[in-house]
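Listed below are the residues making up each chain.
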Amino acid sequence: AGVGNAVQIRGTDANRTEINGVSTVGSGAGRSGISFEDLPAALIASVEVTKVPTAQTIEGSVGGTINLRTIRPLDLKEPLISARGQMENSDLAKSTLPRLSATIGNKWDTGIGEIGIVLSGSYARQDVAAFKPRVDRDALVMPGSGPSAEAFPFLRIQFLQQGLENYEYETYNGTAALEWKPNDDLKFYFDSTLNNQTRGQQSHRVQISGTATPSVVDAMNNTAFETVNLGTLNGPNGPVDLGTVEAAVAGTIGIGGSTGTVIDPNLRTSSDTGARVTKSRVFDFGTVWQATDKLKVRAELSLSTSKSRFPNFSTTLDFINPNGPQPVIGKSIDNGVPLEFDLRNGTLQFGIDQASPFAPTKEQLLDPANYQLQQVTQGANATNNKERAARLDLSYDTSELNPFVTSIDVGYRWNRTTAVNSEFSNNVSLTNT
């Protein structure tokens, strides 16, 4: 829906994500770290991507490592004050919402050495939407197989769906960086990144299914076709031409069956209401010490946490066509809605076949009395992810000893990672009255 949430390296988004070299943990069950939809670009000073790991690269990625770096206080050459206000317009969601961010920073020479501080914060709202039409044409109709058959094989319509996914984001972010340099050989630093995000979902879809029964297939009237070139495959003796096939692009689907039997096709509506409520925290404290002219020591402690809740409530309704054949009580109630479709000119159009005597009117489609609850799904999942880590790195400069090996680096890292996934769901299906 227009919101970036992952980066692919070597074709996968199973990458390790760090902030200032510190591990992050994700909001779900994955192991790729914090989602990029949780962090605004306004808080990031630079991005480091490691595709070929070295010995000092922390393992855990499939594709590579992405390190998001914030502004370092002692790198400032003058006081920093920055503020930014933006508005984002989404034509599909029909919304215009703000993005605000600000950063302040400075460094001072004091009696106890250099001290630098940078504080950043941002607030953003987004309302985005995505239309997701779908049509399936994967059922082959052979000549002579029934009333809907043609003189040639063709692929018929099986499933049609039009969906609208809508997401509303509200995100609060803050970063703080503190550096203290008592002398030229010693530096201490502390970083924190805080993220609170709520992503709400209000999506719905309309679908036509139940078009695969023999009685419905016999009630089809396909009026237009297109030729699909299936291309070639490389075989042991060279390319193999797979040929072409005709596929239906326009026509009608009538009601099949009779009283007391399954009546198709189905007209169903569904809605998905849910959210992801996430609180992520990243803290690290460390020191860099130039012990001698040759030996440099770095030590660091870090903590990354992410807690999320995923409430969800979804429903599916069956439209019971009052103009169609009515099944006997005790049988499965389907709705029997005549359908027309037109896939020509790069469009996906489907709707009620108004020429059919069984066609429901607009008023009947909008009447709640003509709908039956078919399914209810509830969810209350939660995740609680945490990583505690410590590292010690030593680097000894050997550039004066030989021109080939410029340093010897030794490091140790300890980490304990926990991931707790609590899954709760309840599904009630009312498929038989």
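Just so it is clear, the structure is predicted and the values come from calculations on it, not from any experiment. (Residues numbered from 1 in each chain as written. Predicted model: local features only at pLDDT ≥ 70, side-chain atom pairs only at ≥ 80, totals over all residues. Heavy atoms only, no water.)

Phi is positive for N20, close to 55°, though the residue is something other than glycine. Locating N20 in the fold gives a position in the loop between β1 (16–19) and β2 (22–23). For N20, a relative accessible area of 9% corresponds to the buried category. Positive phi, normally seen in glycine, also occurs at K94, with a value near 55°. Assignment of secondary structure puts K94 in the loop between β5 (80–90) and β6 (95–110). (Helix = DSSP H or I, 4+ residues; strand = E, 2+ residues; numbered from the N terminus. Buried < 20%, exposed > 50% of the residue type's maximum accessible area, 1.4 Å probe, protein only.)

The subject of this paragraph is a positive patch on the surface. Taken together, K279, K307, R309, K386, R388 and R416 make up a surface patch of like positive charges. For the positive patch, the secondary structure elements donating two or more residues are β17 (295–319) and β20 (371–397). Along the chain, K279 falls in strand β16 (residues 266–290). (Patch = residues over 30% accessible without salt bridge, like charges linked within 9 Å, V, L, I, M, F, W, Y side chains within 5 Å. Areas by Shrake-Rupley, 256 points an atom, 1.4 Å probe, with all protein chains shown as cover. Salt bridge = Lys/Arg side-chain N within 4 Å of Asp/Glu carboxyl O. Lys, Arg positive; Asp, Glu negative; His and termini not counted. Charge placed at Lys NZ, Arg CZ, Asp CG, Glu CD.)

Here we come to the sheet that holds strand β4 (residues 65–69). Across the sheet, 4 strands lie side by side as β2-β1-β4-β3; this open sheet has mixed pairing. Only two strands of the sheet have a single neighbouring strand rather than two, namely β2 and β3 (46–50). For β3 and β4, the ladder comprises 5 bridges, and the chain directions are antiparallel. By the bridge assignment for β4, E48 is matched with N67. (Pairing = 2+ DSSP bridges.)

It is worth spelling out the layout of surface pockets at this point. In this structure, the largest pocket encloses a volume near 990 Å³. Taken together, the elements giving at least two residues each to the lining of the largest pocket come down to β3, β4, β11 (186–209), β16, β17, β20 and β21 (407–422). Looking at the lining of the largest pocket element by element, the count peaks at 5 residues for β21. When grouped by side-chain class, the residues that make up the lining of the largest pocket number 8 nonpolar, 10 polar and 15 charged. Each pocket or cavity is described by its volume, and for the second largest pocket that value is around 450 Å³. Residue lining of the second largest pocket: 24 residues in total, with L39, P40, A41, R99 and A124 positioned closest to the centre. Going through the elements one at a time, β5, β6, β7 (113–136) and β10 (159–183) are the ones with two or more residues in the lining of the second largest pocket. Here the lining of the second largest pocket gets 5 residues from one element, more than from any other, and that element is β7. (1 Å grid on protein atoms, 1.4 Å probe; cavity = no way out; pocket = protein on both sides within 12 Å on 5 of 7 lines; lining within 4 Å. Points joined across faces, edges and corners; volume = space filled by probe spheres on them. Nonpolar A, V, L, I, M, F, W, Y, C, P; charged D, E, K, R; others polar.)

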